[in-house]
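Close look at the chain arrangement
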Amino acid sequence: MSRSLPSSLTSGRRLPNMWDALATACVLAGIVALVHATPQTFQPIDSPNAIEVTLDPANLPEYALRTTMRMFAALFASLVFTFTVAPLAAKSRRASLILVPMLDILQSVPILGFLTFTTAFFMGLFPGKVAGLELAAIFAVFTSQAWNMAFSMYQSLTTLPADLVEATRAFRLTPWQRFWRLEVPYSMPGLVWNMMLSMSGGWFFVVASEAITLGDKSWTLPGIGSYVSVALDQRSMTGVWWAILAMFVVILAYDQLLFRPLVAWSAKFRMELTAGATAEDPWVLKLLRRTHVLSLIMDWLGELGRSVASLRLSVASSTGERHQRPASRLGDAVFYAAAAIAVGYSMWLIFDYVRSHDVGLADLGEAVLMGLITMVRVIVLIALAAVIWVPVGVWIGLRPEWARRVQVVAQFAAAFPANLFFPVFVILIVRFHGNSDIWLTPLMILGTQWYILFNVIAGASAFPGDLQEAAKNFQVRGFLWWRRVIFPGIFPYFVTGAITASGGSWNASIVAEVASWGDDKLQAHGLGAYIAQATTDGNFAKVVLGVAVMSAFVLGFNRVLWRPLYTYATRRLTL
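Residues numbered from 1 in each chain as written. Predicted model: local features only at pLDDT ≥ 70, side-chain atom pairs only at ≥ 80, totals over all residues. Heavy atoms only, no water.

Below, the discussion takes up the overall build of the protein. Scanning the protein for helices and strands turns up 25 helices and four strands. Burial status across the protein gives 51% buried among its 575 residues. Counting contacts in the protein only where the partners sit at least 6 residues apart, residues at least 24 apart contribute 83% of the total. When the accessible surface of the protein is split by element, carbon and sulfur atoms take 69% of a total near 27,000 Å². (Helix = DSSP H or I, 4+ residues; strand = E, 2+ residues; numbered from the N terminus. Buried < 20%, exposed > 50% of the residue type's maximum accessible area, 1.4 Å probe, protein only. Contact = heavy atoms within 4.5 Å. Areas by Shrake-Rupley, 256 points an atom, 1.4 Å probe, with all protein chains shown as cover.)

Next up, the structure:
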């Protein structure tokens, strides 16, 4: 096929058809919606209706558009972050010593912790404009999306099969070519499922991200999250149901238009020698294939992408080349010394700030005790989620047709904000005099159990079909099949899901340990409630202390349990 777009368009079979008209109409509708919403972000904050939120259902389409734009902007930023940080952590031993613990810490820092200290920065970029609030909200959503995507790609890059790496050396591919020809395709199945999970995670925290507080001032950005917040404050069950309907419509739309085609496209990167089970292509891909002009443009873009991926650029060393060069002891010593100084200085700044605001050892002891209570909740919930969702995820992942069927259901369930369960939980706890420490606990796992499910589905979907056929031919069944076949295959994906679920559960404790429905407010004992109360009281020193203690708990837990398991999975899979 000719690469010249104009000359190809002159052929009769490339003339626009009715499917081109339909696809163009969809694209134009998206552009019109984007153009309609963009000017509102540059209005002054004090202009009429700039940040006003009402429960009129007629406003929900616009609110849904604003929220969706924020989430996709955050998703794009998360992709850029992932394609930058994950390869660097996987390819550089020294960088991994900094970046991996940094990811552990950042995924545990609550959204309220980010908003407390980043709002002033973004407001300073656009003084008095809604754009500053929008950037603060986008950054807050980014903090709920980026970490599991980065961990997913890092896991894929560190578990590349040795025979494929050797093949790239035999073909003398440059690091740039290896990245786009091997590493990115190998990462795609897991990354696409984690992108879906990131969108759902954004919905889970959208209420907190659209309520901006700076000192004694607070703003509420128009969106579905702020609509839910107003409905909860006014005890409007009608408003809650309208918000749920709007969420379902939006999730269904981007699932059909984006993620369903992405999952079908990523399936071609599965590693297998035999033909595995496949599902029917989604209707969007069928529509694109029936178009003439649009399919030509897609072919041209694909050819352009392949040309870029084939460029022989001299860039940083690859994973295999890194191990061939002897490490410099002097360089390592300098690096470790600089890292220790940076960490020590950061800890001193935190200690000095907290101490200067009359926060003493008693407050530290209280924060640690609350952290221990929350840690017990996290351990119990992660264990329960693994027992339930690992078998379900394997069953779904090995059946592509069922994976397509449950995809939108899983996205909607993962996106369902814990705040929407507050009326039920608060009413039942108050009515039956239940213990808040026990009955508010399930709210922590509602949005984080899906990290395990989605990653296990991704692992089972990428499980080679030839290994399935071999196990079937040797009649390996039952517990032996789980122990020798499937669990070793999905183990790196499971560990990635468990790490992100653990960090997400700590993060979700901010939302889950404090619940309200109108004037009825319930609070459980835990570090999340400690930070939420400090935020409400405007005690930034206690917020810093709570976030620091939470980060220490997550980092220690990952170092003791998850990282050794991760190292074992990496070593076993790359033999």
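In this section: the packing of helix 23 (residues 478-512) against helix 24 (residues 527-537). The interhelical angle for the contact between helix 23 and helix 24, taken along N-to-C directions, is 55°, at an axis separation of 7 Å. Between helix 23 and helix 24, the angle falls in the class oblique. Two packed elements cross with a definite hand, and for helix 23 against helix 24 that hand is right-handed. Here Trp-506, Ser-509 and Ile-510 of helix 23 come into contact with helix 24, specifically with Leu-527, Gly-528, Ala-529, Ile-531 and Ala-532. Along the lines of polarity and charge, the residues of the contact of helix 23 with helix 24 split into six nonpolar, two polar and no charged. (Axes fitted to C-alpha atoms, helices over the stretch in contact; angles between N-to-C directions. Parallel < 35°, antiparallel > 145°, perpendicular 65-115°, else oblique. Left-handed = near helix turned anticlockwise from the far one by under 90°. Nonpolar A, V, L, I, M, F, W, Y, C, P; charged D, E, K, R; others polar.)

This next bit is on helix 23. Helix length check: helix 23, at 35 residues, gives a terminal C-alpha distance of 38 Å against a target of 51 Å (1.5 Å per residue), a shortfall beyond 12%. Its axis deflected by about 55° at Phe-487, helix 23 carries its strongest bend there, up to four residues before the proline Pro-488. The buried fraction of helix 23 amounts to 26 of the 35 residues, a majority that puts the element mostly inside the structure. (Expected span 1.5 Å × (residues − 1). Bend = angle between axes of the 7 residues up to and from the residue.)

Mean pLDDT over the protein stands at 78; residues scoring 70 or higher make up 85%. Here helix 14 (residues 319-324) stands out as the element of the protein with the lowest mean pLDDT, 44, in contrast to helix 3 (residues 60-91), whose mean of 91 is the highest. (pLDDT = per-residue confidence, 0-100.)

Looking now at the packing of aromatic side chains. Applying the stated criterion across every chain, the model contains 20 aromatic pairs. Considering the side-chain rings of Phe-81 and Trp-147, the 5.5 Å spacing of their centres and the 80° angle between planes classify their relative orientation as edge-to-face. Of this pair, Phe-81 sits in helix 3 while Trp-147 sits in helix 6 (residues 130-158), and the two are 66 residues apart along the sequence. Comparing Phe-81 with Trp-147, the two get one shared label, buried. By the ring-pair criterion, three or more aromatic residues cluster together here, those being Phe-81, Phe-121, Phe-122, Phe-139, Phe-142 and Trp-147. (Phe/Tyr/Trp six-rings, centres within 6.5 Å; stacked < 30°, edge-to-face > 60°.)

The next point concerns the nonpolar core. Among the nonpolar cores identified, the biggest contains 137 residues, and Trp-203, Ile-452, Phe-494 and Leu-527 are the most heavily contacted of them. Ranked by residue count, the leading element in this core is helix 23, at 15 residues. Each of two domains, domain 1 (21-266) and domain 3 (357-575), supplies a minimum of three residues to this core. Not counting residues within four places of it along the chain, the set of residues in contact with Ile-452 comprises Ile-382, Ala-385, Ala-386, Trp-389, Val-390, Phe-494, Gly-497, Ala-498 and Ala-501. (Core = buried A, V, L, I, M, F, W, Y, C linked by side-chain atoms within 4.5 Å. Domains from an automatic or database assignment.)

Glycine aside, a negative phi is what most residues show, and trans is what most peptide bonds show. For Arg-172, which is not glycine, the phi dihedral falls at a positive 55°. Here Arg-172 lies in the loop between helix 7 (162-170) and helix 8 (175-204). In this structure Arg-172 comes out as exposed when scored by relative accessible area, which is 65%. Positive phi, normally seen in glycine, also occurs at Gln-475, with a value near 55°. Within the secondary structure layout, Gln-475 lies in the loop between helix 22 (465-473) and helix 23. Gln-475 sits in the exposed class, given a relative accessible area of 54%.

Turning to its location among the elements, Val-554 is positioned in helix 25 (residues 540-573). Expressed as a C-alpha distance, the spacing of Val-554 and Gln-107, which sit 447 residues apart in the sequence, is 9.0 Å.

The next thing to look at is a nonpolar patch on the surface. On the surface, a nonpolar cluster with roughly 430 Å² of combined accessible area is contributed by Trp-242, Leu-245, Phe-248, Val-249 and Leu-252. With respect to the element layout, Leu-252 can be found in helix 11 (residues 237-266). (Patch = residues over 30% accessible without salt bridge, like charges linked within 9 Å, V, L, I, M, F, W, Y side chains within 5 Å. Salt bridge = Lys/Arg side-chain N within 4 Å of Asp/Glu carboxyl O.)

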